[in-house]
Amino acid sequence: METVSTNRSFAGTQGVYSHASAETGTEMTFAVYVPDQEKGAKLPVVWYLSGLTCTHANVMEKGEYRRAASELGLIIVAPDTSPRGEGVPDDEAYDMGQGAGFYVDATEEPWAKHFRMRSYLEKELPALIAKEFPADMEKQAIFGHSMGGHGALTIALRNPDRYKSVSAFAPIVSPLNCPWGEKALGGYLGSDQQTWREYDTCALIEDGARVADILVDQGTSDNFLEEQLKPQLLAEACDKAGIKLSLNMREGYDHSYYFISTFMEGHLRWHAERLGAR
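Described in the following lines is the structure provided in the data block. (Residues numbered from 1 in each chain as written. Predicted model: local features only at pLDDT ≥ 70, side-chain atom pairs only at ≥ 80, totals over all residues. Heavy atoms only, no water.)

## A look at the nonpolar core
Rules: Nine residue types can take part in a nonpolar core, namely buried Ala, Val, Leu, Ile, Met, Phe, Trp, Tyr and Cys, and a core is a set of them joined through side-chain atoms within 4.5 Å. Only protein chains enter the accessibility calculation, which uses a 1.4 Å probe; a residue is then buried when its area is under 20% of its type maximum, exposed when over 50%, and partly exposed in between. Strands are runs of DSSP state E lasting at least 2 residues, helices are runs of H or I lasting at least 4, and numbering of each runs from the N terminus. Should any heavy atoms of two residues lie within 4.5 Å, those residues are considered in contact.
Counting 91 residues, the largest nonpolar core has I129, Y188 and L268 as its most contacted members. Among the elements that take part in this core, helix α9 (residues 257–275) stands out by supplying eight residues, more than any other. In this view, L268 contacts V46, Y65, A68, A69, L72, L74, I76 and F143; residues no more than four positions away in its chain are not counted.

Below, the structure written as structure tokens:
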């Protein structure tokens, strides 16, 4: 692991790091915020997954999470959204290729070699975080925005014993039922939609996956609300499965980090309560 940069912020350290990933076959960059702690202490870890076109830097620069994370004693990890670099396949559109990994392990060419974000986030990066940072890996939570909300929800549902809590801002709740998902999952996984189900929150719930509860904030003025996000599908799936869903429709808010930063502290406090943080 190489240190790209570190900055003091709210009695903690905001770092950016890189490493050679065996899963993606590329150099991967990620951000980690670590509050100050007593020597030998380990802190709960909260993962934040970003949306289409984003890198680690979007939430780091615009998410406004450090004050609350420092107060609550939470390590915040913000990975990139896809592999990048020379030789990594890409697409002219923003919703496929670099910046649009959709948190899947691709099986189709030309994506299969590098686009392994599921394994990177479920296996490789957690092992690195556990090794290099004062992280209590018995206390993990995960959340994200848009495509990252999709990633957070699906990862939590596939790994219910690992994460104490999961939440999302304006998540893509059913890639099987929206243009973004149909394009990305079709491209990365092929035409058999049965293989898509493990990457669809609503399908996972329908197929028996469970978490205790879910927090979602969604802006009513989000341009993607009706065509791409469809939170009502998640509400229906949770209701049928008996999963407690706190779905907050925020009047007048859009899809941007103005929206995310407004409700960031609330999400961190929600996770801290379930993690038993300070």
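## Observations regarding the packing of aromatic side chains
Keep this limit in mind: Centres within 6.5 Å are what make two rings of Phe, Tyr or Trp a pair, Trp counting through its six-membered ring; a difference in plane orientation under 30 degrees is then read as stacked, over 60 as edge-to-face, and the rest as tilted.
For the structure shown, the criterion picks out 13 aromatic pairs. For the pair Y17 and F133, a centre-to-centre distance of 5.2 Å together with 75° between the ring planes defines the contact as edge-to-face. Placement of the pair is Y17 in strand β2 (residues 12–20) and F133 in the loop between α3 (117–132) and β6 (135–145), with a sequence separation of 116 residues. For the pair Y253 and F263, a centre-to-centre distance of 5.1 Å together with 70° between the ring planes defines the contact as edge-to-face.

## Observations concerning the state of the cysteines
Applicable threshold: Note that a disulfide, as used here, is simply two cysteine sulfur atoms within 2.5 Å.
Within this structure, the stated rule accounts for zero disulfides. Sulfur of C54: no disulfide; nearest cysteine sulfur belongs to C178 and is 17 Å away. Note on C238: no disulfide assigned, nearest cysteine sulfur contributed by C202 at a separation of 7.4 Å. Classification of C238 as buried rests on a relative accessible area of 1%.

## Some points on the pattern of salt bridges
Where we set the bar: Each reported salt bridge corresponds to a side-chain nitrogen of Lys or Arg within 4 Å of a carboxyl oxygen of Asp or Glu.
In this structure the tally under the stated criterion is 15 salt bridges. Residues R116 and D105 are paired through a salt bridge, measuring 3.7 Å at the closest nitrogen-oxygen approach. Here the residue R116 occupies a position in the loop between β5 (75–79) and α3, and D105 occupies one in the loop between β5 and α3, the gap between them amounting to eleven residues. With a relative accessible area of 25%, R116 lands in the partly exposed category. Here R118 makes a salt bridge to E198, at a shortest N to O gap of 2.6 Å. A residue pair is termed long-range when its members are at least 10 positions apart, and R118 in helix α3 and E198 in the loop between α5 (179–189) and α6 (201–206) qualify at 80 residues. A residue is classified by how much of its surface remains accessible, and R118, at 18% relative accessible area, is buried. Accessibility expressed as a relative area gives 34% for E198, which makes it partly exposed.

## Some words on α5
The condition that has to hold: Directions from the helix axis toward the C-beta atoms define the arc.
When α5 is considered as a whole, its buried residues turn out to be W180, G181, A184, L185, Y188 and L189. Each buried residue of α5 sits inside an arc of 100° when the element is viewed along its axis, so together they form one side. Looking at the packing, one finds that the buried side of α5 touches α7 (225–229). Backbone geometry just after α5 places G190 at a positive phi near 100°.

Scope: geometric values only; no functional claims are made or implied.
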